[in-house]
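# Notes for the structure review
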Amino acid sequence: MLRNINLIIEADYAAMSKKAADIFAREVAGAPAGVFGFATGSTPEGMYAELAKQRADGADFSGITTFNLDEYHPIQPDDAQSYAYYMKQRVFDPLGIVRTNLPNGTAPDPVRECVDYENKLAIAGDMMMQILGIGNNGHIGFNEPGEVFAAQAAYVPLAQATIDANARLFDDASQVPRHALTMGIHAIMMAKKILLLVSGQGKAAILAAALTGPITPQVPASILQLHPHVTVVADTAAASAL
Ligand code: GLP
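Counting restarts for each chain: residues are numbered from 1 in the order of the written sequence. Where totals are concerned, whole chains, interfaces and linings use all residues; where local detail is concerned, this predicted model gives features only for residues with pLDDT of at least 70, and gives and counts side-chain atom pairs only at 80 or more. Values reported for side chains reflect all heavy atoms of the structure, with hydrogen atoms and water molecules removed beforehand.

### So, the sheet that holds strand β5 (residues 99-101)
Backbone-to-backbone hydrogen bonds pair the strands of a sheet. The strands run either parallel or antiparallel. Quick note on the threshold: Whether two strands pair depends on DSSP finding at least two bridges between them. A run of H or I in DSSP becomes a helix once it reaches four residues, and a run of E becomes a strand once it reaches two; helices and strands are each numbered from the N terminus. Note on method: axes are straight lines fitted to C-alpha atoms, helices fitted across the in-contact stretch only, with angles between N-to-C directions ranging 0 to 180 degrees.
Judged by pairing direction, the sheet is parallel, and its seven strands sit side by side in the order β1-β10-β9-β6-β2-β3-β5 without closing on themselves. At either margin of the open sheet sits one strand with a lone partner, and together these are β1 (5-10) and β5. Sheet twist, expressed as the mean angle between neighbouring strand axes with direction ignored, is 15 degrees. With three bridges connecting them, strand β2 (residues 35-38) and strand β6 (residues 127-132) associate as parallel partners.

### Overview of the layout of surface pockets
Inclusion rule: Method remark: on a 1 Å grid restricted to protein atoms, a set of points is classed as a cavity if a 1.4 Å probe fits but cannot get out and as a pocket if it is open with protein on both sides within 12 Å along at least five of seven lines; lining residues have an atom within 4 Å of a point. Grid points are joined across faces, edges and corners, and a volume is the space filled by probe spheres set on the points. In this classification, the charged set is Asp, Glu, Lys and Arg, the nonpolar set is Ala, Val, Leu, Ile, Met, Phe, Trp, Tyr, Cys and Pro, and all remaining amino acids, among them Gly, are polar.
Reported here for the largest pocket is a volume of approximately 670 Å³. Every residue lining the largest pocket is counted, 35 residues in all, and those nearest its centre are Thr40, Gly41, Ser42, Asn166 and Arg168. Among the secondary structure elements, those contributing two or more residues to the lining of the largest pocket are β4 (70-73), α3 (83-95) and α5 (160-166). With five residues, the single largest contributor to the lining of the largest pocket is α3. In the lining of the largest pocket, the residues fall into 14 nonpolar, 16 polar and five charged. Considering only enclosed or pocket space, the second largest pocket measures out at about 280 Å³ in volume. As for the second largest pocket, its lining consists of Glu118, Leu121, Ala122, Gly125, Asp126, Met127, Gln152, His186, Ala187, Met190 and Ala191.

### What to know about the packing of aromatic side chains
One pair of aromatic rings is described through two measures. These are the centre distance and the angle between the planes. Convention followed: In this analysis, rings of Phe, Tyr and Trp, with Trp reduced to its six-membered ring, are considered paired at centre separations within 6.5 Å, and the interplanar angle assigns stacked below 30 degrees, edge-to-face beyond 60, and tilted for intermediate values. Exposure is judged per residue with a 1.4 Å probe applied to protein chains only, and the accessible area is read against the type maximum: over 50% gives exposed, under 20% gives buried, and values in between give partly exposed. Note on criteria: charge over ring means Lys NZ or Arg CZ within 6 Å of the ring centre, with the direction from the centre no more than 35 degrees off the ring normal.
Here the structure, examined in full by the defined rule, presents nine aromatic pairs. Relative to Phe36, the ring of Phe24 lies with its centre 5.3 Å away and its plane at 70 degrees, an arrangement referred to as edge-to-face. Placement of Phe24 in helix α1 (residues 13-30) and of Phe36 in strand β2 is noted, with a sequence separation of twelve residues between them. By relative accessible area, which is 0% here, Phe36 ends up buried. Where Phe38 meets Tyr48, the ring centres are 5.6 Å apart and the plane angle is 65 degrees; that geometry is what we call edge-to-face. A residue pair is termed long-range when its members are at least 10 positions apart, and Phe38 in strand β2 and Tyr48 in helix α2 (residues 45-56) qualify at ten residues. Judged by its relative accessible area of 0%, Phe38 is buried. A relative accessible area of 1% means that Tyr48 is categorised as buried. These aromatic residues form a ring-pair network of at least three members: Phe24, Phe36, Phe38, Tyr48 and Tyr86. A cation over a ring is seen here: Arg90 above Tyr86, with NZ or CZ 5.3 Å from the ring centre.

### Describing unusual backbone geometry
Most peptide bonds take the trans configuration, and most residues that are not glycine carry a negative phi. The omega angle of the peptide bond from His73 to Pro74 is -5 degrees, so this bond is cis rather than trans. For Pro74, the position within the fold is in the loop between β4 and α3.

### Comments concerning the site of the ligand
Our working rule: Being near a molecule or strand, for a residue, comes down to having at least one heavy atom within 4 Å of it. Note on areas: these come from Shrake-Rupley sampling with a 1.4 Å probe, and a residue is covered only by the protein chains present in the view. Whether a molecule sits in a cavity or pocket is decided by its atoms, more than half of which must lie within 2 Å of the grid points.
If you check the shell around the ligand, you find 13 residues, and the closest are Ser42, Thr43, Asp70, His139 and Lys203. Burial of the ligand by the protein chains amounts to 93% of its free accessible area of 390 Å². More than half of the atoms of the ligand fall within 2 Å of the grid points belonging to the largest pocket.

### So, empty space enclosed by the protein
Overall, the coordinates contain one cavity of 30 Å³ or more when judged by the stated rule. Of all elements in the fold, only α4 (110-124) and β8 (179-182) reach the threshold of two or more residues within the lining of the largest cavity. Among the elements that line the lining of the largest cavity, the one with the most residues is α4, at three residues. Looking at the lining of the largest cavity residue by residue, the class counts come to six nonpolar, one polar and one charged.

Treat this as a map of the structure, not an account of what it does.
Quick look at the structure:
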């Protein structure tokens, strides 16, 4: 059973990206100086490209403040694998966004960096919409499966499944950082709205587990069943086990 979740199924990746971009752009139009949460990963790339097209057609994203979910640690912001680099190239520059926040992948004290990041988030005000992807193991941000839901932002070891999944973006698995900084479950759940993008057959089983299975920290995305306003935009392949 789908609880409070608005499930939108689109034919393919392109249609999913377009639909998600339309939903996100409408939210920004309603709160042009609002706070918005961004995600990285392969899944939202098409949505970001769509938003860049919309900007070329006159949409204005320049007034928003953004917070990203996560970043590897340690990693330099000009490293092509860093989320800071991804965001600059694919989102911030193309969309003309200047008030941006990411966890600092070079922070000398990563635990302290998590506290500081959480404080910045709290001071920034209500997050209007948080964009999310889902990891193959059900993670959101870098909140990996575990014994408990990690409420606060955290400096976390990456699950082997995540290192393996993300190795495709590096020269080889040994290059993937072993740790990351991630926004916690509480901050994600505090967003007024959540927009979860899911694409491909490979995500079908975990999406079904997250949306219709037990709410368990073994599948971190399952907590979204308790959020009052979640929109899932999936392509038919990703939705095939629902
Ligand atoms: C990554 C990120 C997540 C992302 C997820 C899925 O490791 N930490 O924020 O949503 O895994 O990534 P992809 O969209 O590439 O499958």
